[in-house]
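Working through the structure, step by step
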Amino acid sequence: MIYLRLIWSYLKIGLFGFGGGYAMLTLIEREIVGNGWITSTMFTDIVAISQMTPGPIGINSATYIGYVAPGEVNAAFASPLWGLLGSIICTLTVVLPSYLLVLYTSHIIQRHKDSAIVKGIFAGLRPVTIGLIASAALLLCNGDNFGTDTQTICKSIIICLAAFITVYKLKIHPIAVICAAGVMGYFIF
């Protein structure tokens, strides 16, 4: 059944997806798109929606995938109630491993925070997290996001660079940049 498979996938994602939501994206894509539960284009749309909605991207995407995937796999599960059940299952399942790990290890880490072993573990996790986030960035540099023809790719890159410069150099609020990029995209494409 799709729900048991979603639970197993999101347990793995929640357990091994450290470093935040962006670091989880590669794991989510491999588990969800790789199993054929949604298409690559749907995944790209889910990531975009998850970035724009409040909350962590990993949890937002789990909620949305839990809603959509059962109906995509089996038309009998296409109703909103089955989607709601999938959303609840995926959201709770992706959070559960992190919650339990923090609950059971926080006092140990706090007690031994000056230990060379604990410092070494966290020092080793930093580059892994950066690598996972870079992997997610490369994952999203695809035809679904940037187009497939040269003209569309150039327009997409210009919008991307303009958004980056606007936020980083001009210090315009990201929400205003997202709205402006949406309007630009509507008129350009």
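Residues numbered from 1 in each chain as written. Predicted model: local features only at pLDDT ≥ 70, side-chain atom pairs only at ≥ 80, totals over all residues. Heavy atoms only, no water.

Quick look at helix 4 (residues 57-73) now. An α-helical turn contains 3.6 residues, so any two residues separated by three or four positions project in the same direction. In a regular helix each residue adds 1.5 Å, so 17 residues correspond to 24 Å; helix 4 covers 23 Å between its end C-alpha atoms and thus fits that length. The largest bend in helix 4 amounts to roughly 30 degrees and is located at I65. Residues I57, G58, N60, S61, A62, I65, G66, V68, A69 and P70 constitute the buried set of helix 4. Looking at the buried side of helix 4, the elements it contacts are helix 1 (2-16), helix 2 (21-33), helix 3 (40-52) and helix 5 (80-111). (Helix = DSSP H or I, 4+ residues; strand = E, 2+ residues; numbered from the N terminus. Expected span 1.5 Å × (residues − 1). Bend = angle between axes of the 7 residues up to and from the residue. Buried < 20%, exposed > 50% of the residue type's maximum accessible area, 1.4 Å probe, protein only. Contact = heavy atoms within 4.5 Å.)

So, about the confidence of the model for the protein. On average, residues of the protein score 87 in pLDDT, and 100% of them are at 70 or above. Looking over the protein, one finds the lowest element-wise mean pLDDT in helix 7 (residues 143-146), namely 73, and the highest in helix 1, namely 92. (pLDDT = per-residue confidence, 0-100.)

Quick look at the environment of L25 now. Mapping L25 onto the fold places it in helix 2. Taking C-alpha positions, L25 is 8.3 Å from L132, a pair spaced 107 residues apart along the chain.

The next thing to look at is the pattern of salt bridges. The tally for this structure, following the rule as stated, stands at one salt bridge. A salt bridge links K12 to E31; the nearest nitrogen and oxygen atoms lie 3.2 Å apart. Of this pair, K12 sits in helix 1 while E31 sits in helix 2, and the two are 19 residues apart along the sequence. With relative accessibility at 27%, the residue K12 sits in the partly exposed group. (Salt bridge = Lys/Arg side-chain N within 4 Å of Asp/Glu carboxyl O.)

Right, let's get into the nonpolar core. Of all hydrophobic cores here, the largest spans 26 residues; its most connected members are L6, Y10, I28, I32, I38 and I65. Taken together, the elements giving at least two residues each to this core come down to helix 1, helix 2, helix 3, helix 4 and helix 5. (Core = buried A, V, L, I, M, F, W, Y, C linked by side-chain atoms within 4.5 Å.)

Right, let's talk about the layout of surface pockets for a bit. Taken as a whole, the largest pocket spans an internal volume of roughly 1300 Å³. Taken together, 28 residues form the lining of the largest pocket, with A48, Q51, N145, C160 and A181 sitting closest to its centre. Going through the elements one at a time, helix 3, helix 6 (116-139), helix 7, helix 8 (150-168) and helix 9 (174-188) are the ones with two or more residues in the lining of the largest pocket. Considering every element that reaches the lining of the largest pocket, the biggest residue donor is helix 8, with seven residues. In the lining of the largest pocket, the residues fall into 20 nonpolar, eight polar and no charged. Put simply, the second largest pocket is a space of about 360 Å³. In terms of lining, the second largest pocket is formed by 15 residues, of which the most central are F18, L101, I109, F122 and L125. Of all the elements in the fold, those that place two or more residues in the lining of the second largest pocket are helix 1, helix 5 and helix 6. (1 Å grid on protein atoms, 1.4 Å probe; cavity = no way out; pocket = protein on both sides within 12 Å on 5 of 7 lines; lining within 4 Å. Points joined across faces, edges and corners; volume = space filled by probe spheres on them. Nonpolar A, V, L, I, M, F, W, Y, C, P; charged D, E, K, R; others polar.)

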